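Each chain, letter by letter, is given below.
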Amino acid sequence: MNTPPSPPGAERADGSSVQIGALVPLTRPGWVEAGRHLLAGLELAVREVNDAGGITGRPLELVVRDTAADPQRAAAAVDELARLGVAALAGEYHSVVARAAAARADALGLPFLCSSAVLDALTEQPTEWVARLAPAQSHGWKIYADFLLSAGHRRIAVAAEPSVYWASGTRILRDYLAPRGGTVIELDMRTLALTAVCDELVHNRATALLLLVGHPEPAVSIVKSVRRDQRLAELMMGAPAGQPEFAEWATLLGDDSAGIPFLRYLPERLSPLGARVETALRERLAKAPSFVAFEGYDTVAVLAEVLRSHGVDRARTAEAWPRVAVEGTRGQIQFSRTPGISVWQWAWTPIQVVERDPAEPDRFRILHAG
C-alpha cells in the first residue's frame with residue numbers, strides 16, 4: 001500500500017495517550033440526537049478500553065469534532081485531526097458528510113472507521129484507508145423494499161428532498177421494485193405544499209408514502225398533514241432512513257409517531273455483551289439507546305483491538321482491516337471487499353424493519369428481518 005507522506009505536525013502532540021478523532025453531528029442542521037447517541041457509544045467504549053488497561057498501557061483518548069452535517073466542515077476537521085496526530089478517525093452519521101470525510105482521509109492516508117453512514121459510494125475509487133460498520137444503503141433499502149412488497153404495496157410514493165443520499169435511495173427502490181411489479185412515484189418537496197402532497201397521493205392511488213426528507217422538518221409536518229387527511233386513512237407511511245428511532249420523533253408527534261416502519265441495525269436478541277452495553281448506554285443517555293449508540297461502541301471496540309494488535313502506525317492500521325475479527329454488540333465484526341462498495345465493509349450487520357407500536361408508541365415491534 002502506498003503511504004502518503006505525513007503532513008507537517010503529524011507527529012503525536014501528546015505521547016502519553018493514543019488519540020482517535022471522532023466526527024459527530026452535535027449542532028443543527030445535523031441530526032443532533034443521532035450525534036449524541038453516536039458519541040455516547042464512542043465514549044462508553046473508550047472508558048471500558050481504558051478501564052481494561054488502554055492500548056498497551058497507554059490511555060485511549062477521543063478528540064471530538066462537531067460536523068453539524070456540513071461536508072466542508074467535516075473535511076476541515078479531518079485535516080486538523082490529521083495534523084494533531086490522531087491514530088485513526090471514527091464516527092459520522094450523515095452519509096454526505098461521511099463521504100467528504102472519507103475522501104480527505106483517503107487523500108491523507110488516515111484510517112477511518114465509519115460508524116453509521118450507509119451511502120454505497122463513500123469514496124469515488126476503492127480505498128484501503130476506509131472501513132465501515134453500517135450496512136450499505138443498497139443492501140438495507142432492498143430489505144425494506146422486500147418488506148413493502150410482502151405487505152402488499154405496489155404503488156409507492158416518495159416525498160424527497162434534493163440530496164445524493166435521498167436520490168440514491170429512490171434509485172435503489174425503483175430499480176428493485178420495478179421488475180417485481182412495484183411503481184415509485186416521486187414527489188419533489190422543493191415545489192409541493194403539504195396540501196398538494198396529499199392531493200398527489202390520492203391522485204396517484206399510492207398505498208405507501210416514504211419520507212425521504214430531513215428531520216424534524218419537513219418530516220414531522222408531512223406526517224401530521226397526512227394523518228389529518230381522511231382520504232389517506234389507509235395509507236402507510238414509512239421512513240427507511242430511521243427517523244422514528246429517536247425519542248425526539250415521539251415527543252414531536254405523540255401518537256402520530258407510531259406505525260411508521262423504519263430500518264434498524266440490531267439483532268432480534270442482543271448477545272450478553274450487547275445486553276451489558278445496552279444497560280450502560282441507557283444509564284449514560286437516560287433513555288433507551290438507539291442502534292446508532294451501538295454503532296459508536298462497536299467502532300471503538302474494533303479500533304482498540306486493531307491498535308493493540310498492530311500498533312498505532314496509520315498504514316499498519318489500514319492494512320489490518322481484512323484481518324479484523326472482533327466480537328461486537330451485534331455480532332462478530334469482520335471486513336471484506338463487497339461488489340459495488342469502495343471501502344472495507346462489514347457484510348452484514350443484522351437488519352430489521354421496525355415500527356413504534358400504535359398501542360404503545362414507546363415500544364418497538366419488529367415487522368421484518370433481513
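In case you missed it, the structure is sitting above this.
Just so you know, these numbers come straight off a predicted model, no measurement behind them. (Residues numbered from 1 in each chain as written. Predicted model: local features only at pLDDT ≥ 70, side-chain atom pairs only at ≥ 80, totals over all residues. Heavy atoms only, no water.)

Some thoughts on the overall build of the protein chain
Move 1: Of regular secondary structure, the protein chain possesses 11 helices and 16 strands.
Move 2: What you see for the protein chain is a C-alpha radius of gyration of 21 Å, in line with the 21 Å of a compact globule of 370 residues.
Move 3: Its C-alpha atoms put the protein chain at 65 × 40 × 35 Å along the principal axes.
Move 4: Counting every position in the protein chain, which comprises 370 residues, the buried fraction comes to 58%.
Move 5: Across the protein chain, the fraction of contacts at a sequence separation of at least 24, relative to all contacts at a separation of at least 6, is 70%.
Move 6: Working note: accessible area of the protein chain is about 14600 Å², and carbon and sulfur atoms make up 50% of it.
Move 7: Averaged over its 38 positive side-chain charges, the protein chain has a centre that lies 2 Å from the centre of its 43 negative ones. (Helix = DSSP H or I, 4+ residues; strand = E, 2+ residues; numbered from the N terminus. Rg over C-alpha atoms; globule rule 2.2 N^0.38 Å. Buried < 20%, exposed > 50% of the residue type's maximum accessible area, 1.4 Å probe, protein only. Contact = heavy atoms within 4.5 Å. Areas by Shrake-Rupley, 256 points an atom, 1.4 Å probe, with all protein chains shown as cover. Lys, Arg positive; Asp, Glu negative; His and termini not counted. Charge placed at Lys NZ, Arg CZ, Asp CG, Glu CD.)

Here we look at the environment of V312
Move 1: By secondary structure assignment, the location of V312 is in the loop between α10 (291-310) and α11 (314-319).
Move 2: In this structure, the C-alpha to C-alpha distance between V312 and V86, residues 226 residues apart in sequence, is 9.0 Å.

Some points on the nonpolar core
Move 1: Ranked by size, the top nonpolar core spans 104 residues in total, and within it L42, L60, W141 and F335 carry the most contacts.
Move 2: In terms of residue count, α10 provides more of this core than any other element does, 12 residues in total.
Move 3: In this structure, F335 is in contact with L113, A131, R132, L133, V302, W321, P322, V324, W344, Q345 and W346, ignoring residues within four places of it in sequence.
Move 4: In this structure, V197, L211, V213 and L235 belong to the second largest nonpolar core, which totals 24 residues. (Core = buried A, V, L, I, M, F, W, Y, C linked by side-chain atoms within 4.5 Å.)

Focus: the sheet that holds strand β10 (residues 262-264)
Move 1: With antiparallel pairing, 3 strands are arranged side by side in an open sheet as β10-β15-β16. Strands with a single pairing partner mark the edges of an open sheet, and in this sheet they are β10 and β16 (360-369). Taking the axes of each pair of neighbouring strands and ignoring which way they run, one obtains an average angle of 45 degrees across the sheet.
Move 2: In this sheet, strand β15 (residues 352-357) lies alongside β10 in antiparallel orientation, the contact comprising 3 bridges. Across the sheet, R264 pairs through a bridge with Q352, a residue of β15.
Move 3: Packed onto the sheet, helix α4 (residues 137-150) meets β10, β15 and β16 and runs at close to 95 degrees relative to β16. (Pairing = 2+ DSSP bridges. Axes fitted to C-alpha atoms, helices over the stretch in contact; angles between N-to-C directions.)

Notes on the pattern of salt bridges
Move 1: Evaluated as defined, the whole model comprises 20 salt bridges.
Move 2: With its nearest N and O atoms 2.8 Å apart, the salt bridge here joins R104 to D79. Note that R104 is positioned in helix α3 (residues 95-108) and D79 in helix α2 (residues 71-84), a separation of 25 residues in sequence.
Move 3: Residue classification places R104 among the partly exposed positions, given a relative accessible area of 27%. (Salt bridge = Lys/Arg side-chain N within 4 Å of Asp/Glu carboxyl O.)

What to know about the packing of aromatic side chains
Move 1: For the structure shown, the criterion picks out 8 aromatic pairs.
Move 2: Both rings, one in W141 and one in Y165, keep their centres 5.9 Å apart while their planes meet at 75 degrees; by these two values the pair is edge-to-face. Within this pair, whereas W141 is found in helix α4, its partner Y165 is found in helix α5 (residues 164-177), the two being separated by 24 residues in sequence.
Move 3: By relative accessible area, Y165 is classed as buried at 14%.
Move 4: Ring geometry for Y265 against F291: centres 5.0 Å apart, planes inclined by 65 degrees, an arrangement best described as edge-to-face. Of this pair, Y265 sits in the loop between β10 and α9 (272-285) while F291 sits in helix α10; the two residues are 26 residues apart in sequence, bridging distant segments of the chain. Note on accessibility: Y265 and F291 belong to one class, buried. (Phe/Tyr/Trp six-rings, centres within 6.5 Å; stacked < 30°, edge-to-face > 60°.)

Overview of the packing of helix α1 (residues 32-51) against α10
Move 1: At a closest axis distance of 7 Å, the pairing of α1 and α10 adopts a crossing angle of 35 degrees. The handedness of the crossing between α1 and α10 is right-handed. On α10, the residues touching A34, H37, L38, G41, L42, L44, A45, V46, E48 and V49 of α1 are V292, A293, G296, Y297, T299, V300, A301, A304 and R308.
Move 2: By residue class, the composition of the contact of α1 with α10 is 13 nonpolar, 4 polar and 2 charged. (Left-handed = near helix turned anticlockwise from the far one by under 90°. Nonpolar A, V, L, I, M, F, W, Y, C, P; charged D, E, K, R; others polar.)

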